[in-house]
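# Commentary on secondary and tertiary structure
Listed below, chain by chain, are the residues.
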Amino acid sequence: GAGVSQSPSNKVTEKGKDVELRCDPISGHTALYWYRQRLGQGLEFLIYFQGNSAPDKSGLPSDRFSAERTGESVSTLTIQRTQQEDSAVYLCASSFRTGGTDTQYFGPGTRLTVL
Amino acid sequence: DAKTTQPPSMDCAEGRAANLPCNHSTISGNEYVYWYRQIHSQGPQYIIHGLKNNETNEMASLIITEDRKSSTLILPHATLRDTAVYYCIVRVSRATNKLIFGTGTLLAVQP
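Computed from a prediction, not measured in an experiment: that's the story for all the values here. (Residues numbered from 1 in each chain as written. Chains lettered and ligands numbered in written order. Predicted model: local features only at pLDDT ≥ 70, side-chain atom pairs only at ≥ 80, totals over all residues. Heavy atoms only, no water.)

## Things to note about the state of the cysteines
Each disulfide consists of a covalent bond between the sulfur atoms of two cysteine residues. Residues and elements named next belong to chain A. Here is the rule we go by: Cysteine sulfur atoms that come within 2.5 Å of each other are treated as a disulfide pair. Helix and strand labels come from DSSP, where a helix needs a run of H or I of at least four residues and a strand needs a run of E of at least two; each type is numbered from the N terminus.
Tallied over the full model, the rule gives two disulfides over all chains. Each sulfur of the disulfide joining cysteine 23 and cysteine 92 lies 1.9 Å from the other. Measuring the twist about the S-S bond at about -65 degrees, one finds the cysteine 23-cysteine 92 disulfide to be left-handed. In this pair, cysteine 23 sits in strand β3 (residues 19-24) while cysteine 92 sits in strand β9 (residues 88-95), placing the two residues 69 residues apart along the sequence.

In structure tokens form, the structure reads like this:
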């Protein structure tokens, strides 16, 4: 079936504006993850969903960042009052959690540029 | 948190085997070794994972030392399309399975 999809693929915004980034996981995947990748760096974990609850939000960098998920489907990452340091590629991944090991499959990412 | 150490870059001739090393000397007994790669401007792609036995799939082989302190990813016949950053990751949290990415190895396959 289809892989993880993300929209928009690119987003340019002005400092201080709010943005919403969307992730559509692979159908049937119960777990969903958001990561951030700054230019030239590795991925940083942001938040993890199991179903529509978020047991691990430890990677969210500030209270300007929030995320929600509808059931075991779409997730939205919202960044309020964007700052230039928020510029990065935001990646979403999903997996089918079985309680043991699982494999995360990544989407293509949303490239956010804050001017 | 178990951490990994990888060389920042490697070259490989097209058609030859690429052997990418990873050190994870503080790995715990129940932590898996995962390998992902990221081709320029794309999301990371899963390659393979293992606990203590060697593993092979259609993409690669994973060799884990007996003491589990290091591993090697082997691409048996590298092609130009294998040029990417390769990440060796030790799963951190059994509860959440979040992945901790390091800086990886940039593999450049040369024609």
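The discussion continues.
## Section: the sheet that holds β3 of chain A
Residues and elements named next belong to chain A. As a reminder of what qualifies: Strand pairing requires that DSSP identify at least two bridges connecting the strands. Note on geometry: axes are C-alpha line fits, over the in-contact stretch for helices, and angles between N-to-C directions span 0 to 180 degrees.
The sheet built from four strands is open, its strands ordered β1-β3-β8-β7 with antiparallel pairing. For this open sheet the edge positions go to β1 (5-7) and β7 (65-69), each flanked by a neighbour on one side alone. Each adjacent strand pair in this sheet contributes to an overall mean axis angle of 15 degrees, direction not counted.

## Brief notes about the side chain of threonine 110 of chain A
Residues and elements named next belong to chain A. This is how it is decided: In protein, a polar contact requires one atom able to donate a hydrogen and another able to accept it; more generally it is a pair of N or O atoms within 3.5 Å, and residues adjacent in sequence count only if both atoms are side-chain atoms. Every residue pair with non-hydrogen atoms within 4.5 Å of one another is taken to be in contact.
Checked against the element boundaries, threonine 110 lands in strand β11 (residues 110-114). A polar atom in the side chain of threonine 110 sits 2.5 Å from the backbone oxygen of proline 8. Aside from chain neighbours lying at most four places away, what touches threonine 110 is Gln6, Ser7, Pro8, Ser9, Leu21, Ala88, Val89 and Tyr90.

## Looking at the pairing of strand β6 (residues 53-56) of chain A
Alignment of strand β5 (residues 43-50) of chain A against β6 of chain A, held across two bridges, turns out to be antiparallel. Counterpart to tyrosine 48 of chain A in the pairing with β6 of chain A is aspartate 56 of chain A.

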